[in-house]
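Examination of the molecular architecture
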Amino acid sequence: MAKIIVVTSGKGGVGKTTTSAAFGAGLALKGFRTVVVDFDIGLRNLDLIMGCERRVVYDFINVIQGDANLNQALIKTKQLDNLYILPASQTKDKDALTQEGVEGILNGLKETFDYIICDSPAGIERGAYFAMYFADEAIIVTNPEVSSVRDSDRILGILASKSRRAVENLEPVKEHLVLARYSPKRVIDGDMLSVDDVKDLLDIPLLGAVPESESVLLASNRGIPVILDGKSDAGDAYSDAVSRFLGEDLPHRFLHYQKKGFFGRLFGS
């Protein structure tokens, strides 16, 4: 049975879309038919990160309004045959989203896909609400700073009280934590919250800490999910996180500062 996963945080710029693209690609690499849905109506960028921007003809809102069907709006990514995106509209307003329309699209996607990833916009407005409402599981993306963690805690409260599972008294949305832009060196210097600090504040299981890395920006600019970059620590961190999401028991990497020795400083490795 298809699962709906929302990638959310509350705060903007923390890495939600990067995480959505990486998880979508990671699940596809594991053999699952996966679609990533962009809920950021008016400000779409998922298609850019996944290298599909020039192939967008119809979008999420076109399907809701009956101007196109799902098959016309879905775009298969270049990198993986079983990974698709449903882009957001750049011209419509968020008010074009309706609960009935979103539910109809998600039900249609369930007939074809194993995983439906909802890339939530920042904040708690209409797009973010509908991205969360139908979720079976939630990936909370946060940065190791107080304001980001506080906003993520608010999102956890919304998932626990306003999701469909909460409204219909069903089993709660299963919550997972991805800690993005993590730097063990900055933790040691006192400039950043530690993994344990964030886990204590949010009290949800950690899927992985993604290290600060230029490869994330480079991959985004190339239109390739960073998880497909085989030489990137960030890509490796996302790959581990996807494996843990699927139930594998892997040790966490990238949590501790590795001080370079003399030759490491000399040769930059």
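Our subject is the structure that appears above.
Attention here is on the structure that accompanies the text. These numbers come from a predicted model, not from an experiment.

Notes on the packing of aromatic side chains
- Counted under the stated rule, the structure contains eight aromatic pairs.
- Ring geometry for Y115 against F245: centres 6.1 Å apart, planes inclined by 65°, an arrangement best described as edge-to-face. Here the residue Y115 occupies a position in strand 5 (residues 115–119), and F245 occupies one in helix 12 (residues 233–245), the gap between them amounting to 130 residues. Each member of the pair, Y115 as well as F245, carries the same accessibility label: buried.
- Through a chain of ring-to-ring contacts, the aromatic side chains of F23, F32, Y115 and F245 assemble into a single cluster.
- Sitting over the face of the ring of F113, R33 holds its NZ or CZ atom 5.1 Å from the ring centroid.

Brief notes about the sheet that holds strand 5
- Reading across the sheet, the eight strands line up as 3-4-2-5-1-6-7-8 and stay open at both edges, with mixed pairing between neighbours. Each edge of the open sheet is held by one strand with a lone partner, namely strand 3 (75–76) and strand 8 (206–211).
- The sheet contacts of helix 1 (residues 16–29) involve strand 1 (3–8), strand 2 (34–38), strand 4 (83–86), strand 5, strand 6 (137–142), strand 7 (174–182) and strand 8, and relative to strand 5 the element is tilted by about 170°.

Section: a negative patch on the surface
- On the surface, a cluster of negative charge is contributed by D196, D197, D200 and D203.
- Structurally, the position occupied by D203 is in the loop between helix 10 (195–202) and strand 8.

A short note on the side chain of S215
- Secondary-structure assignment places S215 in helix 11 (residues 214–222).
- Among the polar contacts listed, one links the side chain of S215 to the side chain of S213, at a separation of 2.5 Å.
- Non-local contacts of S215, meaning those with residues more than four positions away in its chain, are made with V226, D229, S232 and A234.

As for the nonpolar core
- In this structure, F60, V102, L109 and I116 are the most contacted members of the largest nonpolar core, which totals 51 residues.
- With five residues, helix 7 (residues 146–162) is the single largest residue contributor to this core.
- Here L109 is in contact with V35, V37, L70, L74 and I116, once residues within four sequence places are set aside.
- By size, the runner-up hydrophobic cluster in this structure holds 36 residues, among which are A21, L80, I85 and V178.

Observations concerning the pattern of salt bridges
- Under the definition given, this model contains 10 salt bridges.
- Across the salt bridge formed by K30 and E248, the nearest N and O atoms sit 3.2 Å from each other. Note that K30 is positioned in the loop between helix 1 and strand 2 and E248 in the loop between helix 12 and helix 13 (262–267), a separation of 218 residues in sequence.
- Using a relative accessible area of 39% as the deciding quantity, one classes K30 as partly exposed.
- Residue R150 pairs with D151 through a salt bridge whose shortest N-O separation is 3.8 Å.
- Judged by its relative accessible area of 24%, D151 is partly exposed.

Examining the state of the cysteines
- Taken as a whole and assessed by the stated rule, the structure comprises zero disulfides.
- Left unpaired, C52 is separated from the closest cysteine sulfur, that of C118, by 17 Å.
- With relative accessibility at 1%, the residue C118 sits in the buried group.

Some thoughts on helix 5 (residues 99–110)
- Taking 1.5 Å per residue as the helical rise, helix 5 with its 12 residues ought to reach 16 Å, and the 16 Å between its terminal C-alpha atoms agrees with that figure.
- Those residues of helix 5 not exposed but buried are G101, V102, I105, L106 and L109. Seen end-on, helix 5 carries its buried residues on one side only, within an arc spanning 130°.

As for the environment of V210
- With respect to the secondary-structure elements, V210 resides in strand 8.
- Of the residues examined, V210 reaches a relative accessible area of 4% and is grouped as buried.
- The spacing of V210 and Y182 is 28 residues in sequence and 5.8 Å in space, taken between C-alpha atoms.
- In this view, V210 contacts V178, L179, A180, R181, Y182, A234, A237 and Y238; residues no more than four positions away in its chain are not counted.

The rules behind the values
- One numbering rule holds for all chains: residues counted from 1, following each sequence as written.
- Local features are withheld for residues below a pLDDT of 70 in this predicted model, meaning they are given only at 70 or higher, and side-chain atom pairs are given and counted only at 80 or more; totals for whole chains, interfaces and linings count all residues.
- With hydrogens and water excluded, all non-hydrogen atoms of the structure serve as input to the side-chain values.
- Classification of ring pairs rests on two measures: the distance between centres of Phe, Tyr or Trp rings, Trp counted by its six-membered ring, which must be within 6.5 Å, and the angle between planes, read as stacked under 30 degrees, edge-to-face over 60 and tilted in between.
- Starting at the N terminus, helices and strands are each numbered in turn, a helix being any DSSP run of H or I of at least four residues and a strand any DSSP run of E of at least two.
- Three exposure classes are used, based on accessible area relative to the maximum for each residue type with a 1.4 Å probe and protein chains only: buried under 20%, partly exposed in between, and exposed over 50%.
- Working rule: Lys NZ or Arg CZ, within 6 Å of ring centre, within 35 degrees of ring normal, means a charge sits over the ring.
- In this scheme, strands are said to pair when DSSP sees at least two bridges between them.
- In what follows, residue pairs with any heavy atoms lying within 4.5 Å of each other are defined as contacts.
- Think of each axis as a best-fit line through the C-alpha atoms, taken over the contacting stretch in the case of a helix, with angles from 0 to 180 degrees between the N-to-C directions.
- Exposure above 30% relative accessible area and the lack of any salt bridge qualify a residue for a patch; like charges then connect within 9 Å, and the nonpolar side chains Val, Leu, Ile, Met, Phe, Trp and Tyr within 5 Å.
- Working definition of accessibility: Shrake-Rupley area with a 1.4 Å probe, residue cover restricted to the visible protein chains.
- By salt bridge we mean one thing: a side-chain nitrogen of Lys or Arg within 4 Å of a carboxyl oxygen of Asp or Glu.
- For the purpose of charge, His is not counted, nor are the chain termini; Lys and Arg are scored as positive and Asp and Glu as negative.
- Charged groups are reduced to one reference atom each: NZ for lysine, CZ for arginine, CG for aspartic acid, CD for glutamic acid.
- Pairs of N or O atoms within 3.5 Å make up the polar contacts considered here, provided that, within protein, one atom can donate a hydrogen while the other can accept it, and that residues adjacent in sequence are counted only when both atoms are side-chain atoms.
- By nonpolar core is meant a set of buried Ala, Val, Leu, Ile, Met, Phe, Trp, Tyr and Cys residues that side-chain atoms within 4.5 Å join together.
- For this text, the term disulfide refers to a pair of cysteine sulfurs within 2.5 Å.
- Given the number of residues in a helix, its expected span is that number minus one, multiplied by 1.5 Å.
- Working definition: the arc comes from the directions between the helix axis and the C-beta atoms, pointing outward to the latter.

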